[in-house]
Amino acid sequence: MNTNTNITIDEFFIEAVTQNSTSVFKFTMSKTGVLDYLGEVETFDASGYQQIDASTYFSPSWYTYLPKCLQADFKICFKSGIEKLDHSQYSFLMHIGALLLAVKVRDSLLVAELLSRRTSVFTANLPLVSYIIKPIAAEALFAWMYGRFSNQDEVYNILYEIAKDRLQIEPHKETLEQCFTRYFKENSGMELTIGIVGSQCHFWTHGFTRLENVINHHVARDFTEGFAALREARQKFFDALAISVQAEPYNPHDKNAISVSIEDIEAKITGSSGKTKAGYIRATGAEILRNARPEQFAYKAKLWRVGNTQDSKYGVVVKICL
């Protein structure tokens, strides 16, 4: 992207403030009205800047569990130039904060979900969006296509175009599934966030009711002073849940099955331990991962999110290291 400061007249900073840290991303607008992205900055003094709250189209309240690194308050900081932005540019800056943070923490599925929620805003500024998400576009495409039940749609088309160079896609020689098999075989050390399927057929989410009953009981007793402590305790409870993601070559229904088991919530509340089945990586995605690395049976993983869309609080998302 263009970083020639000689033609820059206005600067905009997007702040993403979490409980533990602040990330700041810089944009500029040239004399000709071109909005550009200069990346994350290490130091930023907000004194002397006006600040406006960014859009709340992404909210931690939609999730049963969300890691602290994504529980952010987004603000746009500026000294001048905000009135010169056209409607498309203004809307872009209002919504880009969550996408920038998702890329930074490498939440590949969330990148795709955010594109889906505000497709029109992001497609109106596609060169900028493409540049921002390119480092994680391949993983986002995989998560979107194989971590949920979906067909080729506008988000697929966007991610495909951005990721095709990194994936070295040759559609006349291989299918997308074969392409990803090759990609994961040739690359290691990457992180992948992906939703699991079949959670409605297993009992892990049943523990939510018991946990919420315990929390509500204590909040009712001490709402003012106890709420913050209980919120922190609830976060730590989910943060500490053990998880296993492993192949099931003995599975009679699918030899490529990859199961996800998570520490039993109800057992943990009562002081016991042990995992229970939470679901599976979707069959097509599991087949790709198994074919790419048939020698790998266990995957280093952690519970990443519970709730993978605004209206589905119980969708389970895991982060896998490949």
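Residues numbered from 1 in each chain as written. Predicted model: local features only at pLDDT ≥ 70, side-chain atom pairs only at ≥ 80, totals over all residues. Heavy atoms only, no water.

Let us look at the packing of helix α6 (residues 154–167) against helix α7 (residues 176–186). α7 packs onto α6 with a crossing angle of 45° between their chain directions and a minimal axis gap of 12 Å. Compared by their axis directions, α6 and α7 come out oblique. α6 and α7 meet at a crossing whose hand is left-handed. Listed contacts from α7 to Tyr 156, Tyr 160, Arg 166 and Leu 167 of α6 are Leu 176, Cys 179, Phe 180, Arg 182 and Tyr 183. (Axes fitted to C-alpha atoms, helices over the stretch in contact; angles between N-to-C directions. Helix = DSSP H or I, 4+ residues; strand = E, 2+ residues; numbered from the N terminus. Parallel < 35°, antiparallel > 145°, perpendicular 65-115°, else oblique. Left-handed = near helix turned anticlockwise from the far one by under 90°. Contact = heavy atoms within 4.5 Å.)

On to the environment of Arg 117. Residue placement: Arg 117 occurs in helix α2 (residues 108–117). Each C-alpha atom of the pair Arg 117 and Val 155 lies 9.7 Å from the other, and the pair is 38 residues apart in sequence. Of note is the side chain of Arg 117, whose polar atom sits 3.2 Å from the side chain of Tyr 63. (Polar contact = N/O pair within 3.5 Å; in protein donor to acceptor, adjacent residues only side chain to side chain.)

In a regular helix each residue adds 1.5 Å, so 14 residues correspond to 20 Å; α6 covers 19 Å between its end C-alpha atoms and thus fits that length. Taking the largest bend as the criterion, α6 deviates by roughly 35°, centred on Glu 161. Along α6, the positions that sit buried rather than exposed are Val 155, Tyr 156, Ile 158, Leu 159, Tyr 160, Ile 162, Ala 163 and Leu 167. Tucked inside the fold, the buried residues of α6 contact α2, α3 (119–123), α4 (126–133), α5 (137–146) and α7. Where α6 begins, the capping side chain belongs to Asp 153, and its oxygen is found 3.3 Å from the backbone nitrogen of Val 155. Two residues or fewer past α6, Gln 168 is found with a positive phi of approximately 55°. (Expected span 1.5 Å × (residues − 1). Bend = angle between axes of the 7 residues up to and from the residue. Buried < 20%, exposed > 50% of the residue type's maximum accessible area, 1.4 Å probe, protein only.)

Below, the discussion takes up the pattern of salt bridges. Under the counting rule described, the total for this entry stands at 15 salt bridges. Where Lys 26 meets Glu 11, a salt bridge forms, and the shortest distance between an N and an O atom there is 3.1 Å. Residue Lys 26 is found in strand β2 (residues 22–30), and its partner Glu 11 is found in strand β1 (residues 8–17); the two are separated by 15 residues along the sequence. Since its relative accessible area comes to 16%, Lys 26 is described here as buried. Two residues, Lys 75 and Asp 53, come together in a salt bridge whose shortest N-O distance is 2.5 Å. Of this pair, Lys 75 sits in strand β5 (residues 73–78) while Asp 53 sits in strand β4 (residues 50–53), and the two are 22 residues apart along the sequence. On the basis of relative accessibility, which here comes to 49%, the residue Asp 53 falls in the partly exposed class. What emerges from the salt-bridge pattern is a single network uniting Asp 53, Asp 73 and Lys 75. (Salt bridge = Lys/Arg side-chain N within 4 Å of Asp/Glu carboxyl O.)

A word on α7. Within α7, the full set of buried residues consists of Leu 176, Cys 179, Phe 180, Thr 181, Arg 182, Tyr 183 and Phe 184. Structurally, α7 contributes buried residues whose contacts are with α5, α6 and α11 (283–292).

Here Asp 10 is to be found in strand β1. Asp 10 sits in the buried class, given a relative accessible area of 3%. A polar atom in the side chain of Asp 10 sits 3.0 Å from the side chain of Ser 80. The contact partners of Asp 10, leaving out residues within four places of it in the chain, are Phe 27, Thr 28, Met 29, Ser 80, Gly 81 and Lys 84.

Attention now goes to the sheet that holds strand β6 (residues 191–197). Spatial ordering of the closed barrel is given by β6-β9-β8-β7-β10-β11, a layout of six strands whose pairing is antiparallel. Each strand of the sheet is rotated relative to its neighbour by a mean of 40°, with strand direction disregarded. Two strands pair when backbone bridges link them, and β6 and strand β9 (residues 275–281) are joined in this way by two bridges, in the antiparallel orientation. Paired with Val 197 across the bridge in β9 is Tyr 280. (Pairing = 2+ DSSP bridges.)

Quick look at the nonpolar core now. Counting residues in hydrophobic clusters, the biggest one holds 100 residues, and the most contacted among them are Phe 27, Phe 92, Ile 133, Phe 180, Phe 184 and Trp 204. Ignoring any residue separated from it by four or fewer positions in sequence, one finds Phe 184 in contact with Phe 142, Met 190, Ile 288, Leu 289, Ala 292, Arg 293 and Leu 322. (Core = buried A, V, L, I, M, F, W, Y, C linked by side-chain atoms within 4.5 Å.)

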